[in-house]
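Fold and geometry: a report
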Amino acid sequence: MNANLAWDITKGHSNIKIAIIDSNINTSHSEFSSTQFADFYDTTTGSSIPSADYGYHGTMVCGIVAADHNHAKIAGIAPNCKVIPICYSTQNHETTAANLASGFYWAIEHDASVINCSWGDHNGEHLFIHSAILESAI
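Structural notes, computed from the coordinates. (Residues numbered from 1 in each chain as written. Predicted model: local features only at pLDDT ≥ 70, side-chain atom pairs only at ≥ 80, totals over all residues. Heavy atoms only, no water.)

**Observations concerning the pattern of salt bridges**
Keep this limit in mind: What counts as a salt bridge is simple: a side-chain nitrogen of Lys or Arg found within 4 Å of a carboxyl oxygen of Asp or Glu. We count a stretch as a helix when DSSP gives it H or I for four or more residues in a row; a strand needs E for two or more, and each element gets its number in order from the N terminus. Burial status follows relative accessibility: with a 1.4 Å probe on protein chains alone, a residue under 20% of its type maximum counts as buried, one over 50% as exposed, and anything between as partly exposed.
Applying the stated rule across the entire model yields one salt bridge. The partner of Lys17 in a salt bridge is Asp39, and the shortest N-O contact between them spans 3.4 Å. Highlighted residues: Lys17 in strand β1 (residues 17–22) and Asp39 in the loop between β2 (36–37) and β3 (41–42), separated in sequence by 22 residues. For Lys17, a relative accessible area of 16% corresponds to the buried category. Assessed through its relative accessible area of 30%, Asp39 is described here as partly exposed.

In structure tokens, the structure reads:
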């Protein structure tokens, strides 16, 4: 990827918001001590307060995006950007597509410049995400 060459030019800017729609992000992780988080949203509850820990995947994705350059574990691609954590329950449920769609709308309403979602149907295991509601939001 040659990110180190890009970092000579920029590591992002705080006016750029990157929404991560995924399982919950552990914002107190040691790799995020300098990361700016904004506008948290839990799509399952509609709350700005996380109601549950839905897994670790969101924390890993956030590390790739925004981990500090602290010589500890990894270095994020754009550590100077703000992150909008948008979490959802990873359990199969008939409302999941609508919940995910609400995450996209939340990101747009809160000025996200980039929306990351690294999920899929897992070879048909999560067919509930095949939805006109979600496709419209995307």
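**What to know about the side chain of Ser89**
Counted only if it meets this: It only takes one pair of heavy atoms within 4.5 Å for two residues to be counted as in contact.
Here Ser89 is to be found in the loop between β4 (82–87) and α3 (96–109). With near-sequence residues (within four places) excluded, Ser89 lies in contact with Thr44 and Tyr54.

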